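Summary of structural features
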Amino acid sequence: MDFTFTEEQQAAVEAAGAVFGGVAPDGVPSPALTPGAVADDFDRALWAKLADADLLSLLLDSAYGGAGLDAIALCLVLRESAKVLARVPLLESTAAAVVVQEYGGAEAKAELLARAGRGEVVLTVAASGRTGHEPAERAVTARRDGDVWVLDGVQTAVAWAHGADFVVVPAHTDHGRTVLALVPRGHEGTVLGEQISTTGERLGELRLESARIPARQVIDAEGAWERLRELLTTGTCALALGLGERVLAMTSAYTGKREQFGFPVATFQAVAVQAADRYIDLRAMEATLWQAAWRISTVAAGSGAVDSGAGGALPVAGDVAVAKIWASEGVRRVVQTAQHLHGGFGADTDCSLHRYHAWAKHLELSLGPAAAHEETLGDLLATHPLG
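Residues numbered from 1 in each chain as written. Predicted model: local features only at pLDDT ≥ 70, side-chain atom pairs only at ≥ 80, totals over all residues. Heavy atoms only, no water.

A few words now on the nonpolar core. Membership of the largest hydrophobic core comes to 90 residues, with the highest contact counts inside it found for Phe20, Leu50, Leu228 and Leu243. When residues no more than four places from it in sequence are discounted, the contact partners of Leu228 are Ala95, Ala96, Val99, Val125, Val168 and Leu180. Ala161, Leu206, Leu208 and Val218 belong to the second-largest nonpolar core, a separate cluster that totals 19 residues. (Core = buried A, V, L, I, M, F, W, Y, C linked by side-chain atoms within 4.5 Å. Buried < 20%, exposed > 50% of the residue type's maximum accessible area, 1.4 Å probe, protein only. Contact = heavy atoms within 4.5 Å.)

Structure below.
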């Protein structure tokens, strides 16, 4: 395997650095001081800048105005976005657009993809199920009724739901298949309630009560939901890595100037050892992230097959599970150590660290905590014994 980034991927990082360089993590009220949501909508001004820099269309084909890059490029950009706590649905909208491109019908592609790449249409995904601790596709039922699909159920904690134009909703049929419905915001038969994340952002509780979705807006191809879930999970690992790297840098800067007994606390062995342990966590998070991103980038769209040279002892889901285990555990340890080494200053709302801590907790649990992915990995090992 070769984890060397291509010129195109490196160019995406440079473009992301230029866009995110002016973003302030303190641009909205502190979630610790705000009883409700920190803002009604995501950062539309930043979204427009991402569109102008062609970062919303990275993974789209040239036919839709995209660059035709892969999940590795997306993860590189997400890594940069997390360093400044960028309040945009970059992961959700891009991942949903990719699945529409790979599995959707001609009408859905024509209606959504080019506009999504220009930032005119925003997509998000209902990926938490009823409670966040169950398969999302089991939370909603779907049945075919002529040229429409009828959806019933509840999806909770839908990221950016109040600002997105479409929510991609996984739902299960009586035959045990999973379909993906592109549900417009405010569609008849849907009710969107408000929930608040630990980050202070608005989430949505989406209730579907006999919501009738035209068949052209439903993806019923085999493997579409698995592909979307793997993209979302790997992207979440990229966000956790970028956040963790920024937090460790903040901790290094603080302990390098904070003095005790006439010396910077960074020179004390106990402090240095804890920081070194967290650096090791980040390197493990990085290695497992790129392994997962590389594997999902080589999956042939719609077939589940893996291109030559990309095979592994386990299916792609195994690498994704390992990456999420490290991301969940690693980012938690990084922010906890950072709080400890910052002392009381780390909890001060004048310091950005408390915001990173809140976002880290959200990322740790998003799409399942480490324990859930350990179960997935165990199931894969049981069915694919290593020999």
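What follows deals with the environment of Arg118. Take Arg118: it is sitting in the loop between helix H5 (106-117) and strand S1 (123-125). When its relative accessible area of 46% is taken as the criterion, Arg118 is described as partly exposed. Here the alpha-carbon distance between Arg118 and Tyr64, two residues 54 residues apart in the chain, equals 9.5 Å. (Helix = DSSP H or I, 4+ residues; strand = E, 2+ residues; numbered from the N terminus.)

Moving on: the pairing of strand S3 (residues 148-159). Within S3, 10 of the 12 residues are buried, which leaves it mostly tucked inside the rest of the structure. With six bridges connecting them, strand S2 (residues 140-145) and S3 associate as antiparallel partners. In the strand pairing of S3, Ala142 is matched with Leu151. Between S2 and S3, which pair antiparallel one after the other, the connecting turn spans two residues, and Gly146 there sits at a positive phi close to 70°. Bridging between S3 and strand S7 (residues 202-214) involves nine bridges; their strand directions are antiparallel. By the bridge assignment for S7, Gln155 is matched with Leu206. (Pairing = 2+ DSSP bridges.)

The next subject is unusual backbone geometry. At Leu85, a position not held by glycine, the phi torsion is positive, near 55°. Within the secondary structure layout, Leu85 lies in the loop between helix H3 (71-83) and helix H4 (90-103). Residue Leu85 is classed as buried on the basis of its relative accessible area, which comes to 5%. Non-glycine residue Ala157 carries a positive phi angle of around 50°. As for its placement among the helices and strands, Ala157 is situated in strand S3.

Under the 1.5 Å per step criterion, the end-to-end length of H4 is 20 Å for 14 residues, consistent within 8% with the ideal 20 Å. Summarising burial for H4: 13 of the 14 residues are buried, a large majority. (Expected span 1.5 Å × (residues − 1).)

Okay, the pattern of salt bridges next. A complete count under the given rule lists 22 salt bridges for this structure. Between Asp41 and Arg44 there is a salt bridge, with its nearest N and O atoms 2.7 Å apart. On the accessibility criterion, Asp41 (29% relative accessible area) is partly exposed. Arg44 sits in the partly exposed class, given a relative accessible area of 38%. Note that Glu80 is salt-bridged to Lys83, the shortest N-O span being 3.2 Å. Of this pair, Glu80 and Lys83 both sit in helix H3, three residues apart, which is roughly one turn of the helix. A relative accessible area of 18% means that Glu80 is categorised as buried. The class for Lys83 is partly exposed, based on a relative accessible area of 24%. Residues joined in a network through salt bridges with shared partners are Arg79, Glu80, Lys83, Glu245, Arg283 and Glu286. (Salt bridge = Lys/Arg side-chain N within 4 Å of Asp/Glu carboxyl O.)

This part takes up the environment of Leu232. Mapped onto the elements, Leu232 comes out in helix H6 (residues 224-257). Separated by 88 residues in sequence, Leu232 and Val320 have C-alpha atoms that sit 10 Å apart. Residues in contact with Leu232, not counting those within four places in the same chain, are Leu91, Glu92, Ala95, Val125, Ala127 and Leu367.

The next point concerns the packing of aromatic side chains. Counting across every chain of the model gives three aromatic pairs. Note on Phe5 and Trp290: the rings are 5.1 Å apart at their centroids and 75° apart in plane angle, and the pair reads as edge-to-face. A residue pair is termed long-range when its members are at least 10 positions apart, and Phe5 in the segment before helix H1 (7-20) and Trp290 in helix H7 (residues 269-297) qualify at 285 residues. Classification of Phe5 by relative accessible area gives partly exposed; the value is 24%. Its relative accessible area of 5% is what places Trp290 among the buried residues. Taking the centre distance of 6.3 Å and the plane angle of 85° together, the rings of Phe42 and Trp160 count as edge-to-face. A residue pair is termed long-range when its members are at least 10 positions apart, and Phe42 in the loop between H1 and helix H2 (44-52) and Trp160 in the loop between S3 and strand S4 (166-172) qualify at 118 residues. Per residue, the accessibility class of Phe42 equals that of Trp160, and both read buried. Taken together, the ring pairs in this structure connect Phe42, Trp47 and Trp160 into an aromatic cluster. Directly above the ring of Tyr279 sits Arg283, whose terminal nitrogen or CZ lies 4.9 Å from the centroid. (Phe/Tyr/Trp six-rings, centres within 6.5 Å; stacked < 30°, edge-to-face > 60°. Lys NZ or Arg CZ within 6 Å of the ring centre and 35° of its normal.)

Quick look at the side chain of Thr156 now. Mapped onto the fold, Thr156 is located in strand S3. Not counting the four nearest positions on each side in its chain, Thr156 is found in contact with Ser128, Gly129, Arg130, Thr131, Gly132, Gln195, Gly204 and Glu205.

This part covers the environment of Leu203. With respect to the helices and strands, the residue Leu203 is situated in strand S7. Its relative accessible area of 9% is what places Leu203 among the buried residues. Taking C-alpha positions, Leu203 is 9.8 Å from Gly163, a pair spaced 40 residues apart along the chain.

Between H6 and helix H9 (residues 353-365), the shortest axis-to-axis distance is 10 Å and the interhelical angle comes to 155°. Classified by the angle between their axes, H6 and H9 sit roughly antiparallel to one another. The two elements H6 and H9 meet at a crossing, and its hand is left-handed. Of the residues in H9, those in contact with Thr236, Leu239, Ala240, Leu243, Arg246, Val247 and Met250 of H6 are Leu353, Tyr356, Trp359, Ala360 and Leu363. Residue composition of the contact of H6 with H9, by class: 10 nonpolar, one polar and one charged. (Axes fitted to C-alpha atoms, helices over the stretch in contact; angles between N-to-C directions. Parallel < 35°, antiparallel > 145°, perpendicular 65-115°, else oblique. Left-handed = near helix turned anticlockwise from the far one by under 90°. Nonpolar A, V, L, I, M, F, W, Y, C, P; charged D, E, K, R; others polar.)

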